[in-house]
Amino acid sequence: MTQRGRTTRSSGPAGRPRRSDGPGGADRGGAPRGDLANRRARLREVIDPVVAAAGYDLEDLSVSRAGRRHVVRVVVDADGGINLDAVADISRAVSAALDAAEEAGGDIVAGEYQLEVSSPGVDRPLTLPRHWRRNAGRLVKVTVRGEAGDRQLTGRITAADDERVVLETDAGPAAHPYADLGPGRVQVEFNRLDDLADEDFGDDTDTDTETDDEDLEDEER
């Protein structure tokens, strides 16, 4: 879900004057590219508690430039998944928290910004125990590290805890510690697409119909 962000005024987009390009690698808003990383850290301090209080996990947070404004992308998830209503609720809560942080502490996101909140798509890598647990029953492809070298394995997740995941393959089930695994990739099974929930592909709903002809740039993750 996308919301038009507000900065120093609660009545709408701040529309701060656009600064000219700065020297030495400044972005089009006048801020050094490295400043996006600092903004990302400040945003995480504000957003993470809001998402956690709502009972969800903050899976990813990125800040990028899109023409005259910043784009703040927030990815959230939970056991059992997250539906569009929950995404909308979190979007409103995060927007309100950013407004409050701007009013209390100044410059969190310079100028006008756009907030996008979504759930993870099936193409998102499985890197944490909770990712594997939440994809139980799915077919995944993963690199398994071993003394004889790395090998590619495709199997179905039948169980997962904080230490290991059990993958069912043609050779039978086998437990693999996460330390031995690279990022897992969910394999889309076309004969099971009807069983996939819409949110598994991420929430691409955009309530802002405006488009920007300038490409995204200077993204920091």
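Residues numbered from 1 in each chain as written. Predicted model: local features only at pLDDT ≥ 70, side-chain atom pairs only at ≥ 80, totals over all residues. Heavy atoms only, no water.

1. Examining the side chain of Glu59
Inspection of the secondary structure assignment puts Glu59 in strand 2 (residues 57-66). For Glu59, the side chain forms a polar contact with the side chain of Arg134, separated by 3.3 Å. The residues contacting Glu59, other than those within four sequence positions of it, are Val75, Val76, Asp77, Pro120, Arg124, Arg130, His131 and Arg134. (Helix = DSSP H or I, 4+ residues; strand = E, 2+ residues; numbered from the N terminus. Polar contact = N/O pair within 3.5 Å; in protein donor to acceptor, adjacent residues only side chain to side chain. Contact = heavy atoms within 4.5 Å.)

2. Some remarks on the confidence of the model for the chain
With 71% of its residues at a pLDDT of 70 or more, the chain shows a mean pLDDT of 77. Note on residues 4-32: pLDDT under 50 across the span, and 58 contacts to partners over four residues away in sequence or across chains. (pLDDT = per-residue confidence, 0-100.)

3. Brief notes about the nonpolar core
Leu43, Ile47, Val72, Val74, Val76 and Leu98 are the most contacted members of the largest nonpolar core, which has 24 residues in total. Contributing elements (two or more residues each) for this core: helix 1 (34-53), strand 2, strand 3 (69-77), helix 2 (84-105) and strand 4 (113-118). The dominant element in this core, judged by the number of residues it contributes, is helix 2, at seven residues. The contact partners of Ile47, leaving out residues within four places of it in the chain, are Leu58, Leu61, Val72, Val74, Val94 and Leu98. Val122, Val144, Ile157 and Val165 belong to the second-largest nonpolar core, a separate cluster that totals 13 residues. (Core = buried A, V, L, I, M, F, W, Y, C linked by side-chain atoms within 4.5 Å. Buried < 20%, exposed > 50% of the residue type's maximum accessible area, 1.4 Å probe, protein only.)

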